[in-house]
Amino acid sequence: GAGVSQTPSNKVTEKGKYVELRCDPISGHTALYWYRQSLGQGPEFLIYFQGTGAADDSGLPNDRFFAVRPEGSVSTLKIQRTERGDSAVYLCASSAYRSAGGADTQYFGPGTRLTVL
Amino acid sequence: KNEVEQSPQNLTAQEGEFITINCSYSVGISALHWLQQHPGGGIVSLFMLSSGKKKHGRLIATINIQEKHSSLHITASHPRDSAVYICAVPMYSGGGADGLTFGKGTHLIIQP
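Notes on the structure follow. No experiment lies behind these values; they were computed from the predicted model shown. (Residues numbered from 1 in each chain as written. Chains lettered and ligands numbered in written order. Predicted model: local features only at pLDDT ≥ 70, side-chain atom pairs only at ≥ 80, totals over all residues. Heavy atoms only, no water.)

1. Concerning the overall build of chain B
Reasoning step 1: Regarding its fold elements, chain B presents zero helices and 11 strands.
Reasoning step 2: In chain B, the succession of helices and strands from N to C terminus is β-β-β-β-β-β-β-β-β-β-β.
Reasoning step 3: Along the three orthogonal principal directions, the C-alpha set of chain B runs to about 40 × 30 × 20 Å.
Reasoning step 4: Counting the 112 residues in chain B, one finds 46% classified as buried. (Helix = DSSP H or I, 4+ residues; strand = E, 2+ residues; numbered from the N terminus. Buried < 20%, exposed > 50% of the residue type's maximum accessible area, 1.4 Å probe, protein only.)

Structure, rendered in structure tokens:
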């Protein structure tokens, strides 16, 4: 079946603008994660959804960042008043849900490269 | 909250050499992930392991839960193995479906 998809693949915007990044997880995966990867660094956690609700949003850097998953499938990461420091690759991953304490493989999308000029 | 240390940061080797990449973490976990990222490419999951050892082709991953340490080995390395290898663990102790904390990655280059 199809893997995790993300759109757009590249986004260039100007400082101060609003952007939306979309993630389509693997069908049936209830867990969805957003990460951010700066050049030369490992990814950093932003937010984790279990179904429609944000189970952990502790990685969102400030209140300019917001994410939704209204129907428990597609998720949108929204960034207001973008800053140059927001430039990074934004990665989405999904996994099948297991009972509490159980881990499962996370499947990553190709990422959206965001450049804020 | 878990922290991950990975070494080496960069590794250049000749084709055919045996490769070892190390990962240490600070808090007890349910499983550890090894990931591969090619330049300009997405991240692919290689292994998820919670104990002992797993093997897939020329790749072997081991974990010592007591010492909070894991290694990724590549036997008979090949130029196509050149990539960034990343170790990742759940952010919180015992966290299974939690978000991951990642190491900075090991940039591996295999020269022909």
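2. So, the environment of Val 89 of chain B
All names here are of chain B.
Reasoning step 1: Its location among the elements puts Val 89 in strand E9 (residues 83-90).
Reasoning step 2: Taking the relative accessible area as the measure of exposure, Val 89 reaches 0% and is therefore buried.
Reasoning step 3: For the pair formed by Val 89 and Gly 103, sequence separation is 14 residues and the distance between their alpha carbons is 8.7 Å.

3. What about the packing of aromatic side chains?
Ring pairs (aromatic) are described by centroid distance and by the angle formed between their planes.
Reasoning step 1: Applying the stated criterion across every chain yields a total of six aromatic pairs over all chains.
Reasoning step 2: Taking 6.2 Å as the distance between ring centres and 15° as the angle between the ring planes, the aromatic pair formed by Tyr 33 of chain A and Tyr 35 of chain A counts as stacked. Accessibility classification places Tyr 33 of chain A together with Tyr 35 of chain A in one group, the buried group.
Reasoning step 3: When the ring of Phe 108 of chain A is compared with that of Phe 102 of chain B, the centres are 6.3 Å apart and the planes differ by 70°; the resulting orientation is edge-to-face. Taken together, the positions of Phe 108 of chain A in strand E10 (residues 107-108) and Phe 102 of chain B in strand E10 (residues 100-102) put the pair across two chains. Each member of the pair, Phe 108 of chain A as well as Phe 102 of chain B, is classed as buried.
Reasoning step 4: One aromatic cluster is present, formed by Tyr 33, Tyr 35, Phe 45, Tyr 48 and Phe 108 of chain A together with Phe 102 of chain B through successive ring pairs. (Phe/Tyr/Trp six-rings, centres within 6.5 Å; stacked < 30°, edge-to-face > 60°.)

4. Some points on the state of the cysteines
A disulfide bridge is the covalent bond that connects two cysteines by way of their sulfur atoms.
Reasoning step 1: Applying the stated criterion to the full structure yields two disulfides over all chains.
Reasoning step 2: Two residues, Cys 23 of chain A and Cys 92 of chain A, share a disulfide whose sulfurs are 1.8 Å apart. Across the disulfide from Cys 23 of chain A to Cys 92 of chain A, rotation about the S-S bond amounts to roughly -65°, and the bridge is consequently left-handed. Note that Cys 23 of chain A is positioned in strand E3 (residues 19-24) and Cys 92 of chain A in strand E9 (residues 88-95), a separation of 69 residues in sequence.
Reasoning step 3: Relative accessible area serves as the criterion here: at 0%, Cys 23 of chain A is assigned to the buried category.
Reasoning step 4: A sulfur-sulfur separation of 1.9 Å characterises the disulfide bridge that pairs Cys 23 of chain B with Cys 87 of chain B. One quick way to see it: the torsion about the S-S bond of Cys 23 of chain B and Cys 87 of chain B is about -55°, and its sign makes the bridge left-handed. Taken as a pair, Cys 23 of chain B in strand E3 (residues 19-25) and Cys 87 of chain B in strand E9 lie far apart in primary sequence, 64 residues in all. For the residue pair Cys 23 of chain B and Cys 87 of chain B, the accessibility class agrees, reading buried in each case. (Disulfide = S-S within 2.5 Å.)

5. Comments concerning the side chain of Asp 81 of chain B
Residues and elements named next belong to chain B.
Reasoning step 1: On the secondary structure map, Asp 81 appears in the loop between strand E8 (69-74) and E9.
Reasoning step 2: Judged by relative accessible area, Asp 81 falls into the buried class, the value being 7%.
Reasoning step 3: Here the side chain of Asp 81 touches Arg 58 through a polar contact of 2.8 Å, side chain to side chain.
Reasoning step 4: The residues touching Asp 81, leaving out its near neighbours within four places in the chain, are Arg 58, Ile 74, Leu 108 and Ile 110. (Polar contact = N/O pair within 3.5 Å; in protein donor to acceptor, adjacent residues only side chain to side chain. Contact = heavy atoms within 4.5 Å.)

6. A few points about the pairing of strand E5 (residues 44-50) of chain A
All names here are of chain A.
Reasoning step 1: When you tally the buried positions in E5, you get five out of seven residues, the bulk of the element.
Reasoning step 2: Across six bridges, the pairing between strand E4 (residues 31-37) and E5 is antiparallel. Across the sheet, the residue bridging to Ala 31 is Gln 50, located in E5.
Reasoning step 3: In this sheet, strand E6 (residues 53-56) lies alongside E5 in antiparallel orientation, the contact comprising three bridges. (Pairing = 2+ DSSP bridges.)

7. Re the sheet that holds strand E1 (residues 4-7) of chain B
What links the strands of a sheet is backbone hydrogen bonding, and the strands pair in either a parallel or an antiparallel sense.
All names here are of chain B.
Reasoning step 1: The sheet built from five strands is open, its strands ordered E1-E3-E8-E7-E6 with antiparallel pairing. Of all the strands in the sheet, the pair left with one neighbour each is E1 and strand E6 (52-56). Strand after strand, the sheet turns through a mean of 15° between neighbouring axes, direction not considered.
Reasoning step 2: Across five bridges, E6 lies against strand E7 (residues 59-64) in antiparallel orientation. Looking at E7, one finds that Gly 52 is bridged to Ile 63. (Axes fitted to C-alpha atoms, helices over the stretch in contact; angles between N-to-C directions.)

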